[in-house]
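# Examination of the molecular architecture
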Amino acid sequence: MRLGVVVWAEGVTVKFRIAEDSVVERGMLVKVVDRGRRYVLKVVDFKPESLLTPAEVAIISSKADRGEKPQLRDRDLRLYDTAIATIVAQIDEDGEVHGPSSVPALFSPVEELGEEDLKMLRLHTGDIPIGRVRFGHSAVDVEVALDGAKTIPHHILVVGGTGAGKSNFGRVLAASILHLRGRYSLVVFDCESEYLLGSKPGEMGLAHLPFSEEYLFLVSARVPRPGRLRVELPELGEERSIPAYPLKMDVSRLKPGDFALTGEFSSPQEELLWLAYKQFGEGWVEALLSGDARTVYSRLGRMAGVNTISVTKRKIRYLTGDGSVFCRDCGYDLAAAVLSMVLKGRVVLIETPFATEGEEKLLATVVAERVFRAYERMRKELPEKWSQLPPVLIMVEEAHRYLGSQALGGKGEVRENVFSIIAKRGRKYKVGGLYITQMPSELMDAVVRQALTKVILSLPTRPDYLAVMNHSPYLDEAEAEIKTLDRGEAIVVSPPSGFRLAVSAKIYQYEEYALRLIQEEKRLLATREVSRTPEYADA
Ligand SMILES: Nc1ncnc2c1ncn2[C@@H]1O[C@H](COP(=O)(O)OP(=O)(O)OP(=O)(O)O)[C@@H](O)[C@H]1O
């Protein structure tokens, strides 16, 4: 369908006159065919063109204000709407897609982009579906899918204000990864307990997906010992049995590095941790916590200051909490259990609804550290084996708490933590971060830059979306669109997935997506059953 005609083209910007009765929306992709080339344009803004005099505007608007129908001679010559669009791709006659190297001629017709044209942009060819292409506020029937192998090591940043759809996105991504049955691993820290079964009755979670019995691994206080958790799913009239491990980690399994990589400790405090470890061995945390600072001071042979000891004790107590997660003599090591599952390509869900902020921080650090170190060591020592490992994505919610300049030591000494290390070096080892935040302006610039895939959900605050726009390709003209995003709508930038434009997407609504996957899996199982019946098996 014809939408208009090009009236100006300069650089990568094209202005076109919108045809009478056509509906053109911001974010919409359109095409211009000229001399055998197809130009794909993304509409970024609108501008009325008017040759009316100020006096005419005053007279006509006054009449319109009184409810009279304005009469305007030669209207279509003197007043019309134009759309401003950016050329996002050029498709040559042989079907090759590349960045624009020319502009369409003036007065070329602008047309709707068909599904076939849209497919040539290869937004659907990745293996991790997240939603559909969106024109304005309506989704079209072309999927947006990330390329996991290339995207995961280059980190993913998800930004959005309250209620924009961050958790929904997280669940959709987790479901897509689960559905790939072992191709990638994902570690999710779920402090709201909303991933397993949804956050309220009627919602769905990862447990609803049939493959969860094999590919999901739950770490939760819901189970007292390693085994399986039976969950009832009234929405489906089914039940599942999910592999599970208790939310428990024996403090004797913790090393000084686990604490140091929380970024909470100064250099003298970190030295004290190592000193205590050397002196007391496995019981070092206990030894530091029990007894007052003066007693520890003499037990350590006066090798650390009393003040340093008291502050360090306070920080360790804050991180280890009351013992319900970091227990004494319980023998559990959830970090080792998580690592063994990550190496097998599982989605690991760690539920921490009752953990304190300190416990959450230490837990996330210990798990991320074990995974990162294992991948790093394997690449250095057993590169063959490393190349077989699934790329792993570690989700960090409230990422500004770990990767904000404040968290990393403010303006003074930069105190690295495990997540800043993964942000800088994870790519080499196939360890990526999935950073989710409402406040990207608080993140270190390097983190925003290094996350090559960005999912921008509705984000009302200007400093926040400018922080993302300033460090991403294809977003120069996106401000107007970001301001109009509704819940669940996103702009996706992912050069590792081969996207050459900022893609306007509607993220799948989790329950709808889960039902689709459940149906697909049922069909798959049915086909397998059929092929197992004797007459087919013999064939
Ligand atoms: N893609 C989507 N399609 C339809 N509805 C959605 C979509 N994403 C989110 N929603 C709905 O919007 C509401 C808020 O979503 P969600 O909890 O994911 O937002 P959030 O950004 O994580 O919020 P908060 O910042 O409060 O944690 C939910 O009711 C959810 O069902």
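In this text, all values refer to a predicted model and were calculated from it rather than measured experimentally.

On a plain count of helices and strands, the protein chain comes out with 21 helices and 22 strands. Overall, the protein chain is about 95 × 70 × 50 Å in size when its C-alpha atoms are taken along their principal axes. Burial analysis of the protein chain (539 residues in total) assigns 45% to the buried set. Long-range contacts, defined as pairs at least 24 residues apart, comprise 71% of the intrachain contacts of the protein chain with a sequence gap of at least 6.

A few words on the site of the ligand. Taken together, Gly160, Thr162, Gly163, Ala164, Gly165, Lys166, Ser167, Asn168, Arg487, Gly488, Ile507 and Gln509 make up the full set of residues near the ligand. Broken down by element, the residue count for the shell around the ligand peaks at three residues, all from helix α5 (residues 166–179). When its residues are assigned to classes, the shell around the ligand shows two nonpolar, eight polar and two charged.

When cut into domains, the protein chain gives domain 1 (2–120), domain 2 (149–248 + 332–473 + 507–516) and domain 3 (250–326). Centre-to-centre separation of domain 1 and domain 2, based on C-alpha positions: 42 Å.

Attention now goes to the environment of Lys430. Considering the arrangement of structural elements, one finds Lys430 in the loop between α16 (418–429) and β19 (431–437). On the neighbour-count criterion, Lys430 (21 C-beta atoms within 10 Å) is buried. Counting along the chain gives 54 residues from Lys430 to Glu376, while the straight-line C-alpha distance between them is 8.9 Å. Filtering out sequence-adjacent residues up to four positions away, Lys430 remains in contact with Pro153, Tyr375, Leu389, Pro391 and Val392.

The next subject is the nonpolar core. Proteins that are soluble and globular tend to have nonpolar side chains buried together. If you look at the biggest cluster of nonpolar residues, it comprises 160 residues, and the most contacted ones within it are Val348 and Val371. With sequence-adjacent residues up to four places away left out, Val348 is seen in contact with Leu186, Val187, Val188, Phe217, Val219, Val338, Met341 and Val342.

Moving on to the UniProt feature "domain: Helicase HerA central" (unreviewed entry) in the protein chain. According to UniProt, the "domain: Helicase HerA central" (unreviewed entry) feature falls on residues 129–282. Secondary structure within residues 129–282 divides into 27% helix and 32% strand; the distance between the first and last C-alpha atoms comes to 45 Å.

Of note, Ala260 is situated in helix α7 (residues 256–260). Along the sequence, Ala260 and Glu270 sit ten residues apart, while their C-alpha atoms lie 6.1 Å from each other.

Where burial is concerned, most of β19 is hidden: seven out of the seven residues are buried. In the sheet, strand β10 (residues 156–159) pairs with β19 via four bridges, with the strands oriented parallel. Bridging from a neighbouring strand, Ile156 pairs with Leu434 of β19. Pairing analysis gives five bridges linking strand β18 (residues 392–396) to β19, with the strands arranged parallel.

This paragraph deals with the confidence of the model for the protein chain. Segments scoring low in pLDDT should not have their predicted coordinates read at a detailed level. Per-residue confidence for the protein chain gives a mean pLDDT of 90; residues scoring 70 or more make up 96%. The lowest-confidence element of the protein chain is helix α21 (residues 534–538), averaging 54 in pLDDT; the highest-confidence one is strand β12 (residues 216–220), averaging 98. In the model output, the complex is listed with pTM 0.89 alongside ipTM 0.98.

To continue, consider the pairing of strand β2 (residues 13–18). In the sheet, strand β1 (residues 2–10) pairs with β2 via six bridges, with the strands oriented antiparallel. Across the sheet, the residue bridging to Ala9 is Val14, located in β2. Count of turn residues in the β1/β2 antiparallel hairpin: two residues, of which Gly11 carries a positive phi of about 60°.

This paragraph deals with the packing of helix α11 (residues 306–320) against helix α13 (residues 357–381). To describe two helices that pack against each other, one gives the angle between their axes and the distance between the axes. Two elements in contact, α11 and α13, have axes whose closest approach is 6 Å; the angle formed by their N-to-C orientations is 85°. Taken together, the axes of α11 and α13 lie roughly perpendicular to each other. Across the interface between the two elements, Tyr318, Leu319 and Thr320 of α11 pack against Gly358, Glu359, Lys361 and Leu362 of α13. The class makeup of the residues in the contact of α11 with α13 is three nonpolar, two polar and two charged.

Attention now goes to unusual backbone geometry. Residues other than glycine seldom take positive phi values, yet Arg35 does so here, at roughly 45°. Counting through the fold element by element, Arg35 comes out in the loop between β3 (29–34) and β4 (37–50). The exposed category is assigned to Arg35, around which 9 C-beta atoms lie within 10 Å. Unlike most non-glycine residues, Asp329 shows phi in positive territory, near 55°. Here Asp329 lies in the loop between β16 (326–327) and α12 (334–342). With 8 C-beta atoms counted inside 10 Å, the residue Asp329 sits in the exposed group.

Right, let's talk about α16 for a bit. The terminal C-alpha atoms of α16, which comprises twelve residues, lie only 14 Å apart, well short of the 16 Å expected from a rise of 1.5 Å per residue. What α16 keeps buried is the set Val418, Phe419, Ser420, Ile422, Ala423, Gly426 and Tyr429. Those residues of α16 that are buried lie in contact with α13, β18, α15 (400–403), β19 and α17 (445–450). Trailing α16 by a residue or two, Lys430 shows a phi angle of about 70°, which is positive.

Here the focus is helix α18 (residues 462–469). Restricting attention to buried positions, one finds in α18 the residues Asp464, Tyr465, Ala467, Val468 and Met469. Considering only its buried residues, α18 is in contact with β10, α17, β20 (453–456) and α19 (479–483).

Its location among the elements puts Tyr297 in helix α10 (residues 293–299). Classification of Tyr297 as partly exposed rests on a count of 19 C-beta atoms within 10 Å. It is 9.7 Å that separates the C-alpha atoms of Tyr297 and Thr308, two residues lying eleven residues apart in sequence.

Running from N to C, α12 and α13 point in directions that differ by 45°, and their axes come no closer than 9 Å. Put simply, α12 runs oblique to α13. The way α12 lies across α13 gives a crossing that is right-handed. Contact residues: α12 offers Ala335, Val338, Leu339 and Val342, while α13 offers Val366, Val367, Arg370, Val371 and Ala374. Looking at the contact of α12 with α13 residue by residue, the class counts come to eight nonpolar, no polar and one charged.

Reading the values: the criteria
Sequence positions are assigned chain by chain, starting from 1 and proceeding in written order. Selection of residues for local features in this predicted model requires a pLDDT of at least 70, selection of side-chain atom pairs for listing and counting requires 80 or more, and totals for whole chains, interfaces and linings are taken over all residues. Numbered from the N terminus, helices here are DSSP runs of H or I no shorter than four residues, and strands are runs of E no shorter than two. With C-beta atoms placed from the backbone, a residue counts as buried when 20 or more other C-beta atoms lie within 10 Å of its own, as exposed when 12 or fewer do, and as partly exposed for counts between those limits. In this description, a residue-residue contact is defined by the distance between C-beta atoms placed from the backbone, which must lie within 7 Å. A molecule or strand has a residue near it when that residue's C-beta atom, placed from backbone coordinates, lies within 6 Å of it. Note on residue classes: Ala, Val, Leu, Ile, Met, Phe, Trp, Tyr, Cys and Pro are nonpolar, Asp, Glu, Lys and Arg are charged, and everything else, Gly too, is polar. Residue ranges for the domains originate in an automatic or database domain assignment. Residues of type Ala, Val, Leu, Ile, Met, Phe, Trp, Tyr and Cys that are buried and joined through C-beta atoms within 7 Å form what is called a nonpolar core. UniProt positions are given in the numbering used here, feature names are shortened, and annotations may be inferred rather than shown by experiment. Criterion used throughout: strands pair if DSSP finds at least two bridges between them. Confidence scores here are pLDDT values: one per residue, from the predictor, ranging 0 to 100. Every angle, taken between N-to-C directions, lies between 0 and 180 degrees, and every axis is a line fitted to C-alpha atoms, over only the stretch in contact when it is a helix. Note that the term roughly parallel is reserved for angles under 35 degrees, roughly antiparallel for angles over 145, roughly perpendicular for angles of 65 to 115, and oblique for everything else. Here the expected length of a helix is defined as 1.5 Å per residue gap, with one fewer gap than residues. Note: crossing handedness is left-handed where the near helix turns anticlockwise from the far helix by less than a right angle, and right-handed where it turns clockwise.

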